[in-house]
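Tertiary structure, described
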Amino acid sequence: EAGVTQFPSHSVIEKGQTVTLRCDPISGHDNLYWYRRVMGKEIKFLLHFVKESKQDESGMPNNRFLAERTGGTYSTLKVQPAELEDSGVYFCASSQDRRGDGGDTQYFGPGTRLTVL
Amino acid sequence: AQTVTQSQPEMSVQEAETVTLSCTYDTSENNYYLFWYKQPPSRQMILVIRQEAYKQQNATENRFSVNFQKAAKSFSLKISDSQLGDTAMYFCAFTTFQGAQKLVFGQGTRLTINP
């Protein structure tokens, strides 16, 4: 079974440019999460999809970030325009919803390292 | 606010030794899950062990065990007979039964196992 995949693995862009990150969850996982780790700090939650619907987007930093999950499969996270403070590692995770109480294991992708110059 | 604190940014031990990583958390919820994740160098983050807050018995997974102290809001990870492959960043995290199931992480502990 393929794990969570993310593309690209590394992206270097100039301030003001646009970048789109992609996440492919494990097949059959309805839950998809985006997290971010900035400059060696703790990993922080960005948002959570259940299928194609946004369940919780309370962690999104501002309106320069736009996440989509068309058809409830893969997800994209677009940053437009990128700022210096957006640099970090963006993780995607997916889980099934067997328990329905938050206890399902979240499986993480390898992350996308974003560098904004 | 819900927070997780890992007070040891880095640790280093010799192979075969036992090491304990500390984690404290703060939440007003009574029901929640606690996790330890590890991220080996240049590899994906994987779940090491999970603890349900309503269970008094400490979780164990082979060489990995936890010391869960609910009243103290403490959740330490013990690695016995450490191996070179245990070298990784270790993250403590929790999620509550309510809400969107998001994980709240600590800052991580970089563990190095030396030969």
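As the structure is a computational prediction, the values presented were derived from the model and not from experiment.

Bringing the side chain of Asn31 of chain A into the picture now. With respect to the helices and strands, Asn31 of chain A occurs in strand S4 (residues 31-37). One polar contact links Asn31 of chain A to His48 of chain A, side chain to side chain, over a distance of 2.8 Å.

With that settled, consider the packing of aromatic side chains. Applying the stated criterion to the full structure yields 16 aromatic pairs over all chains. Consider the rings of Tyr33 of chain A and Tyr35 of chain A, whose centres lie 6.2 Å apart with planes at 25°: the pair is stacked. On the basis of relative accessibility, which here comes to 1%, the residue Tyr33 of chain A falls in the buried class. Using a relative accessible area of 0% as the deciding quantity, one classes Tyr35 of chain A as buried. Judged by centre distance (6.4 Å) and plane angle (80°), the rings of Phe91 of chain A and Phe108 of chain A are edge-to-face. Taken together, the residues Phe91 of chain A in strand S9 (residues 88-95) and Phe108 of chain A in strand S10 (residues 107-108) connect sequence positions 17 residues apart. Judged by relative accessible area, which is 2%, Phe91 of chain A ranks as buried. Cluster of aromatic residues (ring-pair linked, three or more members): Tyr33, Tyr35, Phe45, Phe91 and Phe108 of chain A together with Tyr33, Phe35, Tyr37, Phe91 and Phe105 of chain B. Just above the ring of Tyr74 of chain A sits the side chain of Arg22 of chain A; from NZ or CZ to the centre is 3.8 Å.

It is worth spelling out the sheet that holds strand S1 (residues 5-7) of chain A at this point. All names here are of chain A. Strand order across the open sheet formed by 4 strands is S1-S3-S8-S7, with antiparallel pairing between neighbours. Bordering the open sheet on either side are S1 and strand S7 (65-68), each of which pairs with just one other strand. Each adjacent strand pair in this sheet contributes to an overall mean axis angle of 15°, direction not counted. Pairing analysis gives 3 bridges linking S1 to strand S3 (residues 19-24), with the strands arranged antiparallel. Residue pairing for S3: Gln6 is matched across the bridge by Cys23.

On average, residues of chain A score 92 in pLDDT, and 95% of them reach the 70 mark or higher. Mean pLDDT in chain A bottoms out at strand S6 (residues 53-56) of chain A, which sits at 91, and peaks at strand S8 (residues 75-79) of chain A, which reaches 98.

Bringing the pattern of salt bridges into the picture now. Residue and element names in this part refer to chain A. Enumeration over the complete set of coordinates arrives at 8 salt bridges over all chains. Here Asp86 ties to Arg36 by a salt bridge, and the two come within 4.0 Å at their closest N and O atoms. In this pair, Asp86 sits in the loop between S8 and S9 while Arg36 sits in strand S4, placing the two residues 50 residues apart along the sequence. The burial state of Asp86 is the same as that of Arg36; both residues are buried. Ionic contacts of the salt-bridge type, sharing partners, join the residues Arg36, Arg64 and Asp86 into one network.

A few words on the nonpolar core. General note: in soluble globular proteins, nonpolar side chains tend to be found buried as a group. Among the nonpolar cores identified, the biggest contains 27 residues, and Tyr25, Trp36, Phe75, Leu77 and Tyr90 of chain B are the most heavily contacted of them. Among the secondary structure elements, those contributing two or more residues to this core are strand S2 (10-14), strand S3 (19-21), strand S5 (32-39), strand S6 (46-52), strand S8 (64-69), strand S9 (74-79), strand S10 (88-96) and strand S12 (109-114) of chain B. By residue number, the principal contributor to this core is S10 of chain B, which donates 4 residues. Counting 21 residues, the second largest nonpolar core, distinct from the first, contains Val19, Cys23, Ile26 and Met60 of chain A.

About the cut-offs
- Residues numbered from 1 in each chain as written.
- Chains lettered and ligands numbered in written order.
- Predicted model: local features only at pLDDT ≥ 70, side-chain atom pairs only at ≥ 80, totals over all residues.
- Heavy atoms only, no water.
- Helix = DSSP H or I, 4+ residues; strand = E, 2+ residues; numbered from the N terminus.
- Polar contact = N/O pair within 3.5 Å; in protein donor to acceptor, adjacent residues only side chain to side chain.
- Phe/Tyr/Trp six-rings, centres within 6.5 Å; stacked < 30°, edge-to-face > 60°.
- Buried < 20%, exposed > 50% of the residue type's maximum accessible area, 1.4 Å probe, protein only.
- Lys NZ or Arg CZ within 6 Å of the ring centre and 35° of its normal.
- Pairing = 2+ DSSP bridges.
- Axes fitted to C-alpha atoms, helices over the stretch in contact; angles between N-to-C directions.
- pLDDT = per-residue confidence, 0-100.
- Salt bridge = Lys/Arg side-chain N within 4 Å of Asp/Glu carboxyl O.
- Core = buried A, V, L, I, M, F, W, Y, C linked by side-chain atoms within 4.5 Å.

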